[in-house]
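If you want the building blocks of each chain, they are given just below.
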Amino acid sequence: MNGSYPDTTMTQTTITLPAPAKLNLFLHINGRRPDGYHELQTLFQFLDRCDTLQFTVTEEDKIEIAPAIEGVDLQDNLIYKAAMLLKPHRKVTKGIRITLDKVLPMGGGLGGGSSDAATTLVALNTLWQCQQSTAQLMRLGLVLGADVPVFVNGQAAWAEGVGEILTPAKPAEPWYIVVTPNCHVNTGEIFSHQRLTRDTPKLKIAPALEGDVKNYRNDCENIVSELYPEVKQALEALNQFGNSRLTGTGACIFAAFDTKEKAESAFSKLPKSIKGFISKGLNSSPLLC
Ligand SMILES: C[C@](O)(CO)[C@H](O)COP(=O)(O)OP(=O)(O)OC[C@H]1O[C@@H](n2ccc(N)nc2=O)[C@H](O)[C@@H]1O
Ligand SMILES: Nc1ncnc2c1ncn2[C@@H]1O[C@H](COP(=O)(O)OP(=O)(O)OP(=O)(O)O)[C@@H](O)[C@H]1O
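Under an unreviewed UniProt entry, the name given to the protein is 4-diphosphocytidyl-2-C-methyl-D-erythritol kinase, and the source organism is Alkalimarinus sediminis. Under the heading Pathway (unreviewed entry), UniProt records this for the protein: "Isoprenoid biosynthesis; isopentenyl diphosphate biosynthesis via DXP pathway; isopentenyl diphosphate from 1-deoxy-D-xylulose 5-phosphate: step 3/6."

So, the site of ligand 2
Inspection of the region around ligand 2 gives 21 residues, with Leu78, Gly112, Gly113, Asp147 and Gly248 positioned closest. Where the shell around ligand 2 is concerned, the elements lending two or more residues are α1 (78–86) and α2 (112–127). Looking at the shell around ligand 2, the element that brings in the most residues is α2, giving four residues. Across the shell around ligand 2, the residue classes tally to six nonpolar, twelve polar and three charged.

What to know about the nonpolar core
The biggest cluster of nonpolar side chains holds 71 residues, and the ones touching the most others in it are Leu121, Tyr176 and Ile253. Dropping the residues within four chain positions of it, isoleucine 253 is found in contact with Val179, Val231, Ala234, Leu235, Leu238, Ser244, Arg245, Leu246 and Thr247.

Details of helix α3 (residues 134–142)
Each α-helix winds once per 3.6 residues, and so residues spaced three or four apart point in a common direction. Among all positions of α3, only Leu137, Met138, Leu140 and Gly141 are buried. Taken down its axis, α3 places every buried residue within 165° of arc, on the same side. At its buried positions, α3 is contacted by α1, α2 and α4 (148–153).

Quick word on the pairing of strand β4 (residues 95–101)
Only one face of β4 is buried: it carries Ile96, Ile98 and Leu100, and the other face, with Gly95, Arg97, Thr99 and Asp101, is open. Across seven bridges, the pairing between strand β2 (residues 38–58) and β4 is antiparallel. Within the sheet, the bridge partner assigned to leucine 53 lies in β4 and is leucine 100. Two strands pair when backbone bridges link them, and strand β3 (residues 63–66) and β4 are joined in this way by four bridges, in the parallel orientation. Bridging across to β4, isoleucine 65 finds its partner in isoleucine 98.

Side note on the packing of α1 against α2
Taken N-terminus to C-terminus, the directions of α1 and α2 make an angle of 35°; their axes are 8 Å apart at the nearest point. The chirality of how α1 crosses α2 is right-handed. Packed against α1, whose contacting residues are Leu78, Ile79, Lys81, Ala82, Ala83 and Leu86, the element α2 presents Gly113, Ser114, Asp116, Ala117, Thr120, Leu121, Leu124 and Asn125 at the interface. Residues belonging to the contact of α1 with α2 are distributed by class as follows: eight nonpolar, four polar and two charged.

With respect to the UniProt feature "active site" (unreviewed entry) in the protein
As annotated by UniProt and renumbered to match this structure, "active site" (unreviewed entry) occupies Lys22 and Asp147. The greatest C-alpha distance among the annotated residues, which extend across 126 residues, is 9.2 Å, indicating that they converge on a single site. Along the chain, lysine 22 falls in strand β1 (residues 14–32). C-beta crowding within 10 Å serves as the criterion here: with 27 such atoms nearby, lysine 22 is assigned to the buried category. With residues up to four places along the chain from it excluded, the contact list for lysine 22 reads Phe44, Gln45, Phe46, Leu47, Leu110, Gly111, Ser115, Asp147 and Val150.

Brief notes about the UniProt feature "domain: GHMP kinase C-terminal" (unreviewed entry) in the protein
Using the residue numbers shown here, the UniProt feature "domain: GHMP kinase C-terminal" (unreviewed entry) corresponds to residues 215–273. Within residues 215–273, the helical portion is 47% and the strand portion 12%, while the C-alpha atoms at the span's ends are 30 Å from each other.

With respect to the site of ligand 1
Around ligand 1, the structure places 19 residues, and the nearest of them are His38, Gly145, Val162, Phe191 and Gly248. Elements with a minimum of two residues in the shell around ligand 1: β1, β2 and α5 (187–191). Among the residues making up the shell around ligand 1, the classes are represented as six nonpolar, twelve polar and one charged.

Comments concerning the confidence of the model for the protein
Per-residue confidence for the protein gives a mean pLDDT of 92, with 94% of residues at or over 70. Scoring of the predicted complex yields 0.93 for pTM and 0.94 for ipTM.

What about the pairing of strand β7 (residues 175–179)?
Buried residues dominate β7, accounting for five of its five residues. The two faces of β7 match: Trp175, Ile177 and Val179 on one face and Tyr176 and Val178 on the other face are all buried. Across five bridges, β7 lies against strand β9 (residues 253–257) in antiparallel orientation. Looking at the pairing, tyrosine 176 lines up with alanine 256 of β9. Relative to strand β10 (residues 276–282), β7 is paired through five bridges, and the arrangement is antiparallel. Bridge pairing links valine 179 to glycine 276 in β10.

About the cut-offs
- Residues numbered from 1 in each chain as written.
- Chains lettered and ligands numbered in written order.
- Predicted model: local features only at pLDDT ≥ 70, side-chain atom pairs only at ≥ 80, totals over all residues.
- UniProt positions renumbered as here; feature names shortened; annotations may be inferred.
- Near = placed C-beta within 6 Å.
- Helix = DSSP H or I, 4+ residues; strand = E, 2+ residues; numbered from the N terminus.
- Nonpolar A, V, L, I, M, F, W, Y, C, P; charged D, E, K, R; others polar.
- Core = buried A, V, L, I, M, F, W, Y, C linked by C-beta atoms within 7 Å.
- Buried ≥ 20, exposed ≤ 12 C-beta atoms within 10 Å, placed from the backbone.
- Contact = placed C-beta atoms within 7 Å.
- Arc of directions from axis to C-beta.
- Pairing = 2+ DSSP bridges.
- Axes fitted to C-alpha atoms, helices over the stretch in contact; angles between N-to-C directions.
- Left-handed = near helix turned anticlockwise from the far one by under 90°.
- pLDDT = per-residue confidence, 0-100.

Next comes the structure, spelled out in structure tokens:
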């Protein structure tokens, strides 16, 4: 099936699905709403770097997740939260055992937790026969986090609102070096920072979709590199090879290259202390098959 979720039959009891990373190719903050959330404009693209989740339907009416994520209680695990959100919509009284192969760094701005949650919504919608439309799953997902809807929808997108008003976009699909500084950035801390600039004028959709993303920036970058020296150092190192930029509220940064070979060549020249990976930008999520 092209461009839609995996076709699973009623008798199928196990499915394995990817939860890809995302990049914010740019991130502009336009204002703050009365509830504290920020109005933003961003361009989302997926990476072919993914967590992997295996879902097995169980007879016992229980949600099990293994292995546990260090430092995250089961009730706070976004996978568990996603399953609990969907549970009232079940048409079958079955449980679920979820195995997580975690590859994406946490608190890295790659949206790993949100992506795990989105993949869980998509998988359980089928396995528990919840019969929710993609739009309904996106609305449910927004309760879990501003980044969940784009992962459920599975298309690169221009996003507005708090990140939930999505317009499909087709930016170039280059190869990226993604540097993963050894620190977790707390999204709430950055958004509540006194010196965060929140007054970037809103762009019209057309230039942002058609223009070169190099013309735009990430409004969180200055504050994050001030608070996290590892991020500053990584930005400086990667800037020697391309236009490096923060994704989300960090800590990860990225730079685009035309070919895998150019990305690999630049990566090999980075100081050994700089960790990261090379990944392809994708406008269609690997969650869609
Ligand atoms: C920065 C981005 O990654 C860009 O894609 C997202 O907007 C963040 O999405 P997320 O990690 O799913 O964030 P959430 O879990 O919804 O929010 C974490 C915290 O960030 C702040 N937050 C988040 C999104 C937003 N548009 N405005 C905010 O002020 C809020 O304080 C919130 O409590
Ligand atoms: N399944 C999960 N995977 C990762 N983090 C989780 C998960 N469940 C809960 N969390 C919590 O959510 C926090 C943010 O995780 P995530 O990996 O989505 O950060 P992020 O990449 O910075 O996301 P974003 O770009 O959406 O801000 C983690 O630090 C962790 O405490």
